[in-house]
Structures are given as C-alpha cells and as structure tokens.
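Survey of secondary and tertiary structure
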Amino acid sequence: NAGSGGVQFLKEVNGAAGSTRQAAVIMPGPDWVDLYLTVDPDAATVQPRYSVTSGGTTGAIVDLGGRETVPSSWFTDSASGVAVGIISTSRGPAPVFPATWDFIEVLPQNVSEPDVVAHDTFTRTTAAGWGTADIGGPWTVVAGSAGNFSVNGQQGLVQTPSGNQQQLVHLNGA
C-alpha cells in the first residue's frame, strides 16, 4: 500500500515471504477490522478475508483475492502445526502508530462441535510481550522487540515503530 494503510495477506514458507495480497483500508479510521482465514486442509488452501466496521455498522466479509495454495505438510506433519500470528508494520517514513487486538480465535471448519485450538480474550495485563493465551499457549515475539507488545486487560497492543520495522507475534500452541 506504499504506507497508505490497509489489510495484507502474506504467505511465508520456510522463512521466505511469498505471495501477498492487499486491500486499501484507510487507517486509522474504522472502528475495527475483522480478519478471517478459512483453511481447507483437504485442498491445502487458505482463503484470506476481512470485514470493516465503521460507525457501528459492519460491512460484508470481503475475499482478499482467491484461495492461496499452501504446503500440504502444514496439515500432515505431526511434528509441527499451522502457525497463528499477527504482524503490525509501519513502512518507510510513516509515523509510529498503536495497533490493538481484542480477540483471536482459531476454529476448525466444517465440524459439528469444533474444538477451539486458539483463543485469546486479552483479559490479563502484561508490559513486555503478550503472555499466554486463554487457549493455545504462550505468545512468542518472532520479529521486533517484546517491549513493543503489551496487554491492557482488554486488548493486545503493538507499538509499531517507524522505518519499516516489522513486529510479529506467534501463538506457539495453535
């Protein structure tokens, strides 16, 4: 988005960033943005989606491009699972901005009574990092500084520095 704000989907395989998709969403601006990933393990695909709520009205869920093919080993390798993470990045000369999350949940699709594999309501308080999710284990800072991540009892917060410094947190148990 060249620093203009928005929603981006990026696939990373073995530490290498691959295909990306993005949609312009003026930030700050919306009340909130909901992000969705619909995963089909049988087809080894992920469909990124988002919706925007402004003025208390939630818009339609929008596909961010088509389905993205992912390695089938993400679903079949018993030694590791699919990673769940959130990235907040300020690009170029853009100013520092706060990014907040108040909910993250991972559910299997097409299951009559799904088992929740990740869930975090951020109802704790931490000053350096995000601590441990309600379900899914501890959050680990993968990129950036733990001091840029905090939880205020209601939201997971990221202080995103200027100058293209990526901040990434990963939920280990999901």
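Structure shown above.
A short tour of the structure in this document, coming up. Quick caveat: nothing in here was measured; it's all calculated off a predicted structure. Sequence order sets the numbering: in each chain, residues are counted from 1 along the sequence as written. In keeping with the predicted nature of the model, local features appear solely for residues at pLDDT of at least 70, side-chain atom pairs appear and are counted solely at 80 or more, and the whole-chain, interface and lining totals rest on all residues. Only hydrogens and water are set aside; all other atoms, that is, all heavy atoms of the structure, feed into the side-chain values.

1. Quick word on the packing of aromatic side chains
Worth spelling out the cut-off: Any two of the Phe, Tyr and Trp rings considered here, Trp counted by its six-membered ring, make a pair once their centres fall within 6.5 Å; the pair's planes then place it as stacked at under 30 degrees, edge-to-face at over 60, or tilted in between. For the purposes of this entry, the term helix denotes a DSSP run of H or I that reaches at least four residues, the term strand denotes a run of E that reaches at least two, and both are numbered from the N terminus.
All chains considered together, the criterion is met by 4 aromatic pairs. Between the aromatic rings of phenylalanine 122 and tryptophan 139, the centroid separation amounts to 6.4 Å while the plane-to-plane angle is 20°, which identifies the pairing as stacked. Residue phenylalanine 122 is found in the loop between strand 11 (118-120) and strand 12 (125-126), and its partner tryptophan 139 is found in strand 13 (residues 139-143); the two are separated by 17 residues along the sequence. Between the aromatic rings of tryptophan 130 and phenylalanine 149, the centroid separation amounts to 5.8 Å while the plane-to-plane angle is 85°, which identifies the pairing as edge-to-face.

2. A word on unusual backbone geometry
Quick reminder of the rule: Exposure categories follow from relative accessible area, calculated using a 1.4 Å probe and restricted to protein chains: below 20% of the type maximum is buried, above 50% is exposed, and the middle band is partly exposed.
Not every positive phi belongs to a glycine, and alanine 44 is a case in point at roughly 55°. In this structure, alanine 44 sits in the loop between strand 3 (32-40) and strand 4 (45-54). In this structure alanine 44 comes out as buried when scored by relative accessible area, which is 8%.

3. A word on the side chain of aspartate 120
Test applied: What qualifies as a polar contact is a pair of N or O atoms within 3.5 Å, subject to a donor-acceptor requirement within protein and to the restriction that residues adjacent in sequence count only when both atoms come from side chains.
Tracing the sequence through the fold places aspartate 120 in strand 11. Here phenylalanine 122 takes part through its backbone nitrogen, which lies 2.9 Å from a polar atom of the side chain of aspartate 120. Polar contacts involving the side chain of aspartate 120 include one to the side chain of tryptophan 139, which spans 2.6 Å.

4. So, the pairing of strand 16 (residues 167-171)
For clarity, the threshold we go by: In this analysis, strands are considered paired if DSSP registers two or more bridges between them.
Buried residues dominate strand 16, accounting for 4 of its 5 residues. Across 4 bridges, the pairing between strand 13 and strand 16 is antiparallel. Its bridge partner being in strand 16, valine 141 is matched across the sheet by valine 169.

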